[in-house]
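Here is how the chains run, residue by residue.
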Amino acid sequence: YNQMWENLGAISCLECNKGLPRMCGGTTTNQWISTDTGLSPDYGTQYNTCYGCFKHYCYDCKMNFCSTCQTDYCDDCSKMSDCRSCGGSHCNDCYEH
């Protein structure tokens, strides 16, 4: 499994074609799927991946993070709304509730 992902190479944004690095403990890595088996609940998390369509985008182009359900969505799958009370950004499902 790990070898298969290594053979695929770096993942890039489908909008701007920029490589998709991520932050891990303050350092930038090109790891697409979290392999942290420590105390972090992030093991197996796919970064820069829309929860709705599973496409890869960078946060500069089309990706948004819902601060309520802690989920990434692209602009095509969920409109984000900013809360005036908490200042967070919320997906359609969370904003309605």
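The preceding data block contains the structure.
For clarity, every value in this text was computed on a predicted model and none was experimentally measured. (Residues numbered from 1 in each chain as written. Predicted model: local features only at pLDDT ≥ 70, side-chain atom pairs only at ≥ 80, totals over all residues. Heavy atoms only, no water.)

> Give a description of the nonpolar core that names residues and reports values.
Listed in full, the 12 residues of the largest apolar core are Ile 11, Cys 13, Leu 20, Cys 50, Tyr 57, Cys 58, Met 63, Cys 66, Tyr 73, Cys 74, Met 80 and Cys 91. Mapped onto this core, the elements with two or more residues apiece are β3 (63-66) and β4 (71-74). Every residue in contact with Tyr 57, bar those within four places of it in the chain, is listed here: Cys 13, Leu 14, Glu 15, Leu 20, Asn 48, Lys 62, Met 63, Cys 74 and Asp 76. (Core = buried A, V, L, I, M, F, W, Y, C linked by side-chain atoms within 4.5 Å. Buried < 20%, exposed > 50% of the residue type's maximum accessible area, 1.4 Å probe, protein only. Helix = DSSP H or I, 4+ residues; strand = E, 2+ residues; numbered from the N terminus. Contact = heavy atoms within 4.5 Å.)

> Give me the lowdown on the environment of Asp 72, citing residues and values where you can.
By secondary structure assignment, the location of Asp 72 is in strand β4. On a C-alpha basis, the gap between Asp 72 and Thr 49 in space is 6.7 Å, while along the polypeptide they are 23 residues apart. With residues near it in sequence (within four places) discarded, Asp 72 still touches Asn 48, Thr 49, Cys 50, Tyr 51, Tyr 59, Met 63, Asn 64 and Phe 65. Within the structure, Asp 72 has its side chain in polar contact with the side chain of Tyr 59 (distance 2.7 Å). (Polar contact = N/O pair within 3.5 Å; in protein donor to acceptor, adjacent residues only side chain to side chain.)

> Please set out the environment of Asp 60 residue by residue, giving values where relevant.
Locating Asp 60 in the fold gives a position in the loop between β2 (27-29) and β3. Expressed as a C-alpha distance, the spacing of Asp 60 and Cys 16, which sit 44 residues apart in the sequence, is 9.2 Å. At 3.0 Å, the side chain of Asp 60 and the side chain of Lys 18 are in polar contact.

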